[in-house]
Every structure is written in C-alpha cells, then in structure tokens.
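Descriptive analysis of the structure
Given next are the chains, with one letter for each unit.
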Amino acid sequence: MNILKRSIINLLFCGLCFSQAEETIYMTVTDTIINNFSRPSAFQVSSDWDSSKMLVPYARISDISNDNQKLLLYFVSYQTPFIMLYNFETIDTLEIDTTGIVEFSFRFSYDNDIIVFRRDSSIYKYSVTENSETFITNGSSFVLSPNKQELLILQQSIMNDSLDIKTADIQSGELTSVNRIVNVDNNVFYWRNDDFLYFSMQDSNNILQLFKLDASELNQDPIQLTNSSNDCYFLNSRNSQMDKIIFREEISDNSNYYWIYDFLTNESIFLNSIEISRTINFQAWSPDKSKVAISSLERYCFMWFCYGSLYILEINDGTYSSPQGNFAGGPLFWIGFPSFDINDDGTVDNSDFIVLLDYLINGQESIETSDINLDSSVDVFDLLILSDYLQEL
C-alpha cells in the first residue's frame, strides 16, 4: 500500500477511535456540580450508564458531524449565547449572531464546513472556513434531506390553516414547491432515505394519523399509514437511515402507547404504555437496534433550565427503564464503534471485502454493517478502511 493511501486511511480511521472503544451517548444533562447550581451541560455517557464525562459546561448539544468527530453546541452563560464547534480536543466559537436563533436548529449539512440553522422565520447557512453567513429562504422550520444536500422548508400560511412544503438546494438556494397540506401537525417531519416524508395529519374524523408523502413528486396526495382512534405522533430522529421508528399514540395528557412503525413491512408493533408527559421530543436507537432511547421534558423549563427524563425501551419485550433522571432535553446521539464483519458471519476475512465491493459496484440493498466509518454513507472510504484492516491481520 502506498504512503498516500495509508495516510488517508490512518487519518480516517484514527478519527473513529477518539472515545468509541464502547458505545457512547451524547446528550445534554442538567448538572448540579457547577458552583452548586443547576445548568445544562454537554455530556458523554457510556451506554451501560456506568460512567459519564462532562464535555462542556453550560452547553447544549444541537448536532453531531457526519463523521461523528464534532459536536455543535449552544452555549448559554450569563451573557449572550453563542455557538461552539467542539472536536473533543479544541473548542471554536463561531461568529454567528445568535439574536433570534432557534436553539436546536443548528445542523451539519453534506459538508461539515457548512452549517444550516434558523433565525426567527428565516433559514441560513454558515461556512466555518469562510466565516460567512448566507440567507437561503424564509420558513417556520426545516428538515435536512437524507444526503444533507437539501432542506425541507415548512411554512405556515398566514391564517395558520395550511402548511406549504418546499425543498431548497443548500448549495444553490434553488426552491421547489412540493405541496400544500392542511390539518397537519408540523412539529415532526421525518425525511427518510426512501425519499418519503413522514408526519402526522388529521384524517376525515379529525384524528391525527401517520401519513407519508413522496418528496420527489409534486402535488401528490399523502398516503395514510395508521387508523387509530387516538392522535398519533412521530418522535424526532436525526437518523434518516432507519428501517423502524418510534411513534406514540396519545391516550391522555400523561399516558401514551408507544409503537414501532416498520418502514419495510408497513406494520405497527406495540411496545408499551408509559405514563409520561406529551413533551416527548427525540429518539435515538442503539447501534444494534435492540434498544431505543426516548427523551422527555416532563417536568418544567424556566429560562434555560430544563428538567426531564430519559427512557430506554427494550425492543424485544417493550420493558423500559429511566437511567438518566436529570436529562435536559434536546437531541441525543447513540454512537457505536466500527465493525468490519460486513456479512455478519462472526469472522472478518476476504469475503467481507467481496460483499462490500459488490455492494459498491451493483448498488444492492443497503447493508447496515458496511458503514465502517460511521458517516451514514457506504462508499469507497469504507472499502479502503476495510482493505487496510485486512492487510494488517
């Protein structure tokens, strides 16, 4: 292997090892150690909950980069809040005006250099290297596409009786109108890698059901997925590659049925009934898909102080626990360590290389274990890392 190739692979792979000898969850926790006063802080927690480490005090986690090597943080102290880029060794403060900023809107796009966010009712992009900010379009909220090159722009009508849906190209700013829908709950839109949008909308009986809409086709009618007697809501997720997702059926103000929706079979599978607040906002699945973490702001928020809970649901039997009682809300990220066993036969050998190469050439059905560098994409970089690993055996 030539020096250039080895240098590239070492650079890619060494970045994976920063703290991922085991599964790790990144979240915002209300910590009471700092000056004997509770404030949200960015934490790294082991998936068995035996150990935790404060990464940055007074900071909330907004997003993790495509290679899992950087965190976007919203820092709040006694003065004006600001946005920080944390790479586990250094912290850079981004020169972004935070007036009117929507706290959890900051997202890494297709390029870790480009960050998109919402200020008031406008969507912007920011270049880290150029320290420049560019207006994209107006919108009440946005969702990143699976390849993170486009934005789904949601804009409430003046009378708040309908929702305009558009897509925006992040690089060019070009806008495309997709649809206008009525009686929709616009808190959660999930843009999956099948190019469908998943959301909640009222049926003919004024009950919120789960629907999907083809984002690649204009002015299509949404397709109903559930037929429940109670309102149903998707939970936020930052992972567009999932085969299953959690949704809740609201039984009362403090009681919800939790279900799994299987995108491949179009089936809903009951998990459990949990008596927690309706303010459930995010979900994060374990790398092996055996568990899912759901976050709740079930207690209260005052200024920047938010108190809630984190629940871990076992997929096989629906049981749940609450290992993190001082969770402070917002997105959470459950990150695993890389696997080289592509064909999942218990050994790593040349057959794994052949399976991965065949996938890259023929574009067959996606293989969950083939994303070696954990960037939510299977490409030649994963093949190079696997090749180097096999040569070292």
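Residues numbered from 1 in each chain as written. Predicted model: local features only at pLDDT ≥ 70, side-chain atom pairs only at ≥ 80, totals over all residues. Heavy atoms only, no water.

Looking at the packing of helix α2 (residues 350-362) against helix α3 (residues 380-392)
α3 packs onto α2 with a crossing angle of 165 degrees between their chain directions and a minimal axis gap of 10 Å. In terms of orientation, α2 lies roughly antiparallel with respect to α3. Considering how the two elements wind past one another, α2 and α3 form a crossing that is left-handed. Touching Asn350, Asp352, Phe353, Leu356, Leu357 and Leu360 of α2 are Val380, Asp382, Leu383, Leu386, Ser387 and Leu390, all from α3. Residues that form the contact of α2 with α3 fall into these classes: eight nonpolar, two polar and two charged. (Axes fitted to C-alpha atoms, helices over the stretch in contact; angles between N-to-C directions. Helix = DSSP H or I, 4+ residues; strand = E, 2+ residues; numbered from the N terminus. Parallel < 35°, antiparallel > 145°, perpendicular 65-115°, else oblique. Left-handed = near helix turned anticlockwise from the far one by under 90°. Contact = heavy atoms within 4.5 Å. Nonpolar A, V, L, I, M, F, W, Y, C, P; charged D, E, K, R; others polar.)

Side note on the sheet that holds strand β6 (residues 82-86)
Taken in spatial order, the four strands make up an open sheet running β4-β5-β6-β7, and their pairing is antiparallel. Two strands lie at the open edges of the sheet, namely β4 (59-64) and β7 (91-94), each paired on one side alone. Taken pair by pair, the neighbouring strands of this sheet meet at an average axis angle of 30 degrees, ignoring direction. Strand direction decides the pairing type here: β4 and strand β5 (residues 71-75), joined by five bridges, are antiparallel. When the bridges of β5 are listed, Ile61 appears paired with Leu73. (Pairing = 2+ DSSP bridges.)

Focus on the pairing of strand β17 (residues 196-202)
With six of seven residues buried, β17 lies mostly within the body of the structure. Strand direction decides the pairing type here: strand β16 (residues 184-191) and β17, joined by four bridges, are antiparallel. Looking at β17, one finds that Trp191 is bridged to Leu197. Linkage of β16 to β17, two consecutive antiparallel strands, is achieved through a turn of four residues, within which Asp195 is found at a positive phi near 70 degrees. (Buried < 20%, exposed > 50% of the residue type's maximum accessible area, 1.4 Å probe, protein only.)

Comments concerning unusual backbone geometry
Unlike most non-glycine residues, Lys148 shows phi in positive territory, near 60 degrees. Mapped onto the elements of the fold, Lys148 is located in the loop between β12 (141-144) and β13 (150-156). If you check the backbone angles, Asn206 has positive phi at about 65 degrees while not being a glycine. On the secondary structure map, Asn206 appears in the loop between β17 and β18 (208-214).

Some details on the pattern of salt bridges
Applying the stated criterion to the full structure yields seven salt bridges. For Asp243, the salt bridge goes to Arg192, with nearest N and O atoms at 3.2 Å. Here Arg192 lies in the loop between β16 and β17 and Asp243 lies in the loop between β20 (232-234) and β21 (244-252), a separation of 51 residues in the sequence. Asp243 gets classed as partly exposed once you look at its relative accessible area, which sits at 27%. A salt bridge links Glu250 to Arg248, with the shortest nitrogen-to-oxygen separation between them at 3.1 Å. As far as the burial class goes, Glu250 and Arg248 line up, both buried. One network of salt bridges, in which partners are shared, links Asp63, Arg107 and Arg238. (Salt bridge = Lys/Arg side-chain N within 4 Å of Asp/Glu carboxyl O.)

Description of the packing of aromatic side chains
What the rule picks out here adds up to 16 aromatic pairs. Ring centres 4.7 Å apart and planes at 65 degrees place the aromatic pair Tyr198 and Phe263 in the edge-to-face group. Here Tyr198, found in strand β17, pairs with Phe263, found in the loop between β22 (255-262) and β23 (267-274); they are 65 residues apart in sequence, far enough to count as distant. One exposure class covers both Tyr198 and Phe263, and it is buried. Each member of the aromatic cluster is reached from another via a ring pair, and the members are Tyr190, Tyr198, Phe234, Tyr261 and Phe263. Lying across the ring of Tyr124, Arg119 places its NZ or CZ 4.8 Å from the centre. (Phe/Tyr/Trp six-rings, centres within 6.5 Å; stacked < 30°, edge-to-face > 60°. Lys NZ or Arg CZ within 6 Å of the ring centre and 35° of its normal.)

Observations regarding the pairing of β5
β5 sits mainly inside the fold: five of its five residues count as buried. Side chains of β5 alternate between two faces, with Leu71, Leu73 and Phe75 and Leu72 and Tyr74 buried alike. Here β4 folds back onto β5 in antiparallel fashion, the turn holding six residues, of which Asn68 has a positive phi close to 60 degrees. In this structure, β5 lies alongside β6, joined through five bridges in antiparallel fashion. When the sheet's bridge partners are listed, Leu72 is paired in β6 with Leu85.

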